[in-house]
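Architecture and fold: a report
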Amino acid sequence: APADAGRAESGSPPADAAPPASDGAAADAGDPCASRLVCDSFEEDALGKAPATPWKAETANGGTVAVSDARAFSGKHSVVVTTKPTQYQRAVLALAGGALFTAPSTAKDVLYGRMMVWLETPAADGVHWTMLAGQGEVKGHAGVRASVRYGGQHMGKLMANYDTSNASTDCWQHSATVMPIGKWTCFAWKLAGPTNDMQLSMDGVEIGDLHVGTKGQGCIGHDFSDAWLAPTFDRAEIGWESYQTDVGHTMYIDDVVLDDAPIACP
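The following refers to the structure shown. Everything numeric in this text was worked out from a predicted model, so none of it was measured.

Each neighbour pair has its own omega, and for Thr 53 with Pro 54 the value is 20°, a cis peptide bond. Residue placement: Pro 54 occurs in the loop between β1 (38–40) and β2 (56–60). At the junction of Ala 103 and Pro 104, the peptide bond is cis and its omega measures out at 5° in the coordinates. Relative to the helices and strands, Pro 104 is located in the loop between β5 (89–96) and β6 (110–119). Positive phi is not limited to glycine here, since Asp 226 has a value of about 70°. When you line up the elements, Asp 226 lands in the loop between β15 (218–219) and β16 (232–242).

The next thing to look at is the nonpolar core. In summary, soluble globular proteins display a tendency toward joint burial of nonpolar side chains. Trp 55, Met 115, Met 131, Phe 187, Trp 189, Ile 238 and Leu 258 are the most contacted members of the largest nonpolar core, which has 53 residues in total. Aside from chain neighbours lying at most four places away, what touches Phe 187 is Gly 113, Arg 114, Met 115, Val 117, Met 131, Leu 158, Met 179, Pro 180, Leu 200, Ser 201 and Met 202. Val 80, Met 116, Trp 118 and Trp 184 belong to the second largest nonpolar core, which has six residues in total.

Moving on, we come to the environment of Arg 36. Take Arg 36: it is sitting in the loop between α1 (25–28) and β1. Its relative accessible area of 11% is what places Arg 36 among the buried residues. Linking Arg 36 and Val 257, residues 221 residues apart in sequence, is a C-alpha distance of 7.2 Å.

Scanning the entire structure with this criterion turns up three disulfides. Residue Cys 171 pairs covalently with Cys 219 via a disulfide, S to S 2.0 Å. The S-S bond linking Cys 171 to Cys 219 shows a torsion near 100°; that makes this disulfide right-handed. Pair noted here: Cys 171 is in strand β10 (residues 171–178) and Cys 219 is in strand β15, with a separation of 48 residues, a long-range link. Given the relative accessible area of 1%, Cys 171 is considered buried.

Another aspect to go through is the packing of aromatic side chains. Scanning all chains against the criterion turns up six aromatic pairs. On the basis of an interplanar angle of 70° and a centroid distance of 5.9 Å, the ring pair of Phe 73 and Trp 184 is categorised as edge-to-face. Of this pair, Phe 73 sits in the loop between β3 (64–68) and β4 (78–83) while Trp 184 sits in the loop between β10 and β11 (185–192), and the two are 111 residues apart along the sequence. Looking at Phe 73, the relative accessible area reads 36%, which means it is partly exposed. Accessibility expressed as a relative area gives 16% for Trp 184, which makes it buried. Among the aromatic residues, those joined into a cluster by ring pairs are Phe 73, Trp 118 and Trp 184.

Our focus in this paragraph is the sheet that holds strand β7 (residues 129–137). Read from one edge of the open sheet, eight strands run β2-β5-β16-β7-β8-β9-β10-β15, paired in antiparallel fashion. The outermost strands of the open sheet, each flanked by one partner alone, are β2 and β15. The pairing of β10 with β15 spans two bridges and is classified as antiparallel. Paired with Trp 172 across the strands is Gly 218, a residue of β15.

Procedures and definitions
- Residues numbered from 1 in each chain as written.
- Predicted model: local features only at pLDDT ≥ 70, side-chain atom pairs only at ≥ 80, totals over all residues.
- Heavy atoms only, no water.
- Helix = DSSP H or I, 4+ residues; strand = E, 2+ residues; numbered from the N terminus.
- Core = buried A, V, L, I, M, F, W, Y, C linked by side-chain atoms within 4.5 Å.
- Buried < 20%, exposed > 50% of the residue type's maximum accessible area, 1.4 Å probe, protein only.
- Contact = heavy atoms within 4.5 Å.
- Disulfide = S-S within 2.5 Å.
- Phe/Tyr/Trp six-rings, centres within 6.5 Å; stacked < 30°, edge-to-face > 60°.
- Pairing = 2+ DSSP bridges.

Given below as structure tokens:
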């Protein structure tokens, strides 16, 4: 599990940030799943069970992932992930390989995503948590895998995080934007490998102080001189993961799209 990324100093976001999802509006007019590599509202999945292929549910310490009709943004179904109060929590949907990351898709280089999220309760203050991630091997660094993540940590506020296996990094960029609680919220993201660039929008508006280009506010490990070297993506995760002792959580996820082109909020 990553170390506490809370030892941050103030920093300024890049001034040339552009909303990552705004130019996907035309593509999503009409059928939102048209030509998308992965698009799922979970309407065809069995209630009470994890979603079917291409998804894989991954849990730890009593976490669960299941299709639910208790709440939905569209249709009647969503996915609900739950965790219990423990030191480490994990309840995620993972997608590895497949059409998303193989030719002719370019998602392995630039990964776009969108999902509707309803979170019941915030994380305890100071707990680092993740709701979405892109992962893969870092070019030129054999055996080193990187995770490019969005979640949060302090006072309910959102955070970008970069961490690696087989190299010491664990970097952060804190935001002034608070994670919405008890309402449907659209998150859309762009993770650009060739430019080491990541962006996140909320309800169609970019969160400017979460646009990270190569470096954020700081790192715990300095093997890459604090650079966020994005991987060649071969895996994506959505759901809930937290790395210090936290309360239990319930998060609903609906209308998920992953692609190699921009995606608008509904």
